[in-house]
Amino acid sequence: MNTSAYIHSFALFFSLLNPFLMSIYMIGLIRNSETKVFNKALIQGSLIAYVVFVLFAIGGEAIFNSYLQVRFESFQIFGGIIFLVIGYRYVFQGADTIGDMRGAPQHLATTIAMPFMIGPGTISVAVVTGVNLPILPAIITIGVTLTITCTILILMKFAHDNLREKHSKYIDYYFDIVGRLSALLIGSIAIDMIVTGIFGLLEQVK
């Protein structure tokens, strides 16, 4: 197997998980959760996401077609609509619109796993990773990507807690500016997913 296939799979997965962008989504959790509670929930959420991604990497599109009785293209279109709504809210209301999503401590793990980690984009990449790589390397690639993502988010939580008193103004600027700029990327991904899903459905009709 060409090394570039591994690098490409990792880069694609990491760019969608993107801990720097995810920190914008999770700003409510980062601001309002204790460090120990946040770290524990993040690790548990990552494990939940890992299991889901591995299942889709192994099962591929057959999970949608055979078990869920749903076209994969329909999943892409619906996921694109969700991303489009998120991008719209970011542009006009700022990062706190998504960051305010939080729950009781015992439910934080599932809140982090979905929708922050498990989404239409990452599930699609899990399917593609399972197709492009042998099963064991695909599982390892997913695990490494989630580990790096989780580690960066823990470090960002640590930095936020220790810097917010002295540099709170700059931290708020970071989350607001990056949040609004990320809306452009989110919106572009959303449109691409919708278009890809529509063309996929049209190909099936032909």
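So, how was this worked out
- Residues numbered from 1 in each chain as written.
- Predicted model: local features only at pLDDT ≥ 70, side-chain atom pairs only at ≥ 80, totals over all residues.
- Heavy atoms only, no water.
- Helix = DSSP H or I, 4+ residues; strand = E, 2+ residues; numbered from the N terminus.
- Buried < 20%, exposed > 50% of the residue type's maximum accessible area, 1.4 Å probe, protein only.
- Contact = heavy atoms within 4.5 Å.
- Areas by Shrake-Rupley, 256 points an atom, 1.4 Å probe, with all protein chains shown as cover.
- Phe/Tyr/Trp six-rings, centres within 6.5 Å; stacked < 30°, edge-to-face > 60°.
- Expected span 1.5 Å × (residues − 1).
- Axes fitted to C-alpha atoms, helices over the stretch in contact; angles between N-to-C directions.
- Parallel < 35°, antiparallel > 145°, perpendicular 65-115°, else oblique.
- Nonpolar A, V, L, I, M, F, W, Y, C, P; charged D, E, K, R; others polar.
- Core = buried A, V, L, I, M, F, W, Y, C linked by side-chain atoms within 4.5 Å.

K.L.:
It is not clear to me how the overall build of the chain should be interpreted in this structure. Could you clarify?
P.N.:
Secondary structure summary: the chain contains ten helices and zero strands in total. Across the 206 residues in the chain, those meeting the buried criterion constitute 46%. For the chain, the proportion of contacts with a sequence separation of at least 24, taken over those separated by at least 6, is 87%. Accessible surface, the chain as shown: approximately 11200 Å² in total, 67% of it carbon and sulfur.

K.L.:
Looking at this model, I keep getting lost on the packing of aromatic side chains. Mind explaining?
P.N.:
The description of an aromatic ring pair uses the distance of the two centres, along with the angle that the planes make with each other. This structure, assessed with the given rule, holds two aromatic pairs. Geometrically, the ring pair formed by F10 and F14 is stacked, given 5.7 Å between the ring centres and 20° between the ring planes. Linking F10 with F14, this pair stays in helix α1 (residues 3-17), spanning four residues, or about one helical turn. Taken together, a centroid distance of 5.1 Å and an interplanar angle of 70° make the contact between F13 and F53 edge-to-face. Here F13, found in helix α1, pairs with F53, found in helix α4 (residues 35-59); they are 40 residues apart in sequence, far enough to count as distant.

K.L.:
How should I be thinking about helix α9 (residues 120-132) in this particular structure?
P.N.:
Helical geometry note: an α-helix holds 3.6 residues per turn, so side chains three or four residues apart project in the same direction. Over its 13 residues, α9 runs 18 Å from end to end, which matches the ideal 18 Å to within 8%, given 1.5 Å per residue. Burial runs high along α9: ten of the 13 residues are buried. Every buried residue of α9 is accounted for by P120, G121, T122, I123, S124, V125, A126, V127, T129 and G130.

K.L.:
Honestly, the side chain of T145 in this entry has me stumped. Any pointers?
P.N.:
Looking at where T145 falls in the secondary structure, it is placed in helix α10 (residues 135-205). Sequence-distant contacts of T145, that is, excluding residues within four places in its chain, are made with F10, F13, F14 and L17.

K.L.:
When you look at the packing of α1 against α9 in this model, what are you seeing that I'm missing?
P.N.:
The description of two packed helices rests on the angle between their axes and on the distance between the axes. It is at 9 Å that the axes of α1 and α9 come closest, and there the two elements cross at 170°. Classified by the angle between their axes, α1 and α9 sit roughly antiparallel to one another. Taking contact as the criterion, the partners of S9, L12, F13, L16 and L17 in α1 are, on α9, G121, T122, V125, A126 and T129. When its residues are assigned to classes, the contact of α1 with α9 shows six nonpolar, four polar and no charged.

K.L.:
Is there a simple way to think about the environment of F53 in this case?
P.N.:
For F53, a relative accessible area of 0% corresponds to the buried category. For the pair F53 and I123, spaced 70 residues apart in the sequence, the C-alpha separation amounts to 6.3 Å. Excluding its chain neighbours within four sequence positions, the residues that come into contact with F53 are F13, M117, I118, T122, I123, A126, I142 and L146.

K.L.:
Can you help me understand the nonpolar core in this one?
P.N.:
One recurring pattern in soluble globular proteins: nonpolar side chains tend to sit buried together. In terms of nonpolar packing, the biggest core is built from 30 residues, with M26, L42, F53 and M117 touching the most fellow members. A total of seven residues in this core trace back to one element, the largest contributor, which is α4. When neighbours within four sequence positions are excluded, M117 is seen to be in contact with L17, M22, L42, G45, S46, A49, F53, I112, T122 and L146.

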